[in-house]
Amino acid sequence: MRQQIVAGNWKMNLNLQEGIDLCKTIIALTSDATRKVIISAPYIHLASLVTLCKGTNVKVAAQNCHHEISGAFTGEISPAMLADLGLEYVILGHSERRAFNAETNSLLAKKLDAALSQNLKVIYCFGETLEERKANSHLDLVTQQITEGLFHLEADTIKNIVLAYEPVWAIGTGETATSFQAQEMHTHIRKVMTAKYGSEIAENCSILYGGSCKPTNAKELFSQTDVDGGLIGGASLKATDFVSIIKA
Ligand code: 13P
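The present account deals with the structure reproduced in this document. Because the structure is predicted, anything quoted here is derived from the model rather than measured.

So, on to the overall build of the protein chain. In terms of helices and strands, the protein chain carries 11 helices and 8 strands. Relative to the compact-globule value of 18 Å for 248 residues, the protein chain shows a C-alpha radius of gyration of 17 Å, a close match. Summarising its shape, the C-alpha atoms of the protein chain cover approximately 45 × 45 × 35 Å along the three principal directions. When each of the 248 residues of the protein chain is scored for burial, the buried share is 52%. Intrachain contacts of the protein chain at a sequence separation of at least 6 include 71% that bridge at least 24 residues. For the protein chain, the exposed surface amounts to about 11000 Å²; the carbon and sulfur share of it is 54%.

The local shell around the ligand holds 13 residues, among which Lys11, His94, Gly172, Ser212 and Gly234 are the closest. One of the backbone N or O atoms of Ser212 is found 2.7 Å from an oxygen atom in the ligand. Each residue belonging to the shell around the ligand can be placed in one class, and the counts come to 4 nonpolar, 7 polar and 2 charged.

A few words now on the nonpolar core. Core analysis: the biggest nonpolar cluster contains 63 residues, and Leu150, Ile161, Leu163, Ile189 and Met193 have the highest contact counts within it. Setting aside residues up to four positions removed in sequence, Ile189 forms contacts with Phe126, Val142, Ile146, Leu163, Tyr165 and Ile207. In terms of nonpolar packing, the next biggest core, distinct from the first, is built from 12 residues, Ala61, Cys125, Ala164 and Leu231 among them.

Let us now look at the packing of helix 5 (residues 105-117) against helix 7 (residues 138-150). The geometry of helix 5 relative to helix 7 is characterised by a closest axis approach of 7 Å and an angle of 45° between their N-to-C directions. Taken together, the axes of helix 5 and helix 7 lie oblique to each other. Remark: the crossing between helix 5 and helix 7 carries right-handed chirality. Along the contact surface, helix 5 presents Asn105, Ala109 and Leu112, while helix 7 presents Gln144, Gln145, Glu148, Gly149 and Leu150. Class assignment of the residues belonging to the contact of helix 5 with helix 7 gives a composition of 3 nonpolar, 4 polar and 1 charged.

What counts and how
- Residues numbered from 1 in each chain as written.
- Predicted model: local features only at pLDDT ≥ 70, side-chain atom pairs only at ≥ 80, totals over all residues.
- Heavy atoms only, no water.
- Helix = DSSP H or I, 4+ residues; strand = E, 2+ residues; numbered from the N terminus.
- Rg over C-alpha atoms; globule rule 2.2 N^0.38 Å.
- Buried < 20%, exposed > 50% of the residue type's maximum accessible area, 1.4 Å probe, protein only.
- Contact = heavy atoms within 4.5 Å.
- Areas by Shrake-Rupley, 256 points an atom, 1.4 Å probe, with all protein chains shown as cover.
- Near = heavy atom within 4 Å.
- Polar contact = N/O pair within 3.5 Å; in protein donor to acceptor, adjacent residues only side chain to side chain.
- Nonpolar A, V, L, I, M, F, W, Y, C, P; charged D, E, K, R; others polar.
- Core = buried A, V, L, I, M, F, W, Y, C linked by side-chain atoms within 4.5 Å.
- Axes fitted to C-alpha atoms, helices over the stretch in contact; angles between N-to-C directions.
- Parallel < 35°, antiparallel > 145°, perpendicular 65-115°, else oblique.
- Left-handed = near helix turned anticlockwise from the far one by under 90°.

Put into structure tokens, the structure is as follows:
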């Protein structure tokens, strides 16, 4: 059985105290959750959150890391530093980093290697823009993002990867993919994974949906056979909304 996961991506929001307060509420309200809960916070909050989450159901993730382990890279954070903090996860390939920081599939492939070498688990994000969907190239585009970012990895490392399909047109727009669109893409992703790694590995790989996921649509999205949970932006900043998505 593959793992059901709900991860919150705080992006560049919340000061430290707000983050601590939100994290404490999430911990308190999700001790009985059946889904795995992850919160992904700005770098400078991570040490405090790791301490808070120790021994709880809630895991902490970073939103990015560098592709080298150490060196002269002013302003960057290495995956070794994240692992040293006790972090379990790092998000890589978020569309905002692809768009605003020019992160390419080949750079992301290097970041994946660096993160995995430090025993971090990776939430690898990808998804098409509205133009790509309108041009009906979304399935091919996602295939390419997976192939170029991931397919250099050996089969036995795929257990440390969570996939996150986030259509760019649905992120922060209030427009969600329909459950049909989500299921269609997730089926495609699992097929692509099956072709490369075989059905057992593909069946065990969690594929999350992200993009305007809310308490009102989470249940419908998560009830799709190949949607194994969600990566939540805006709604993860409000404890009641995030918890209701976790329990949807
Ligand atoms: P929203 O839930 O705000 O659309 O953001 C999704 C996302 O980008 C999560 O990584």
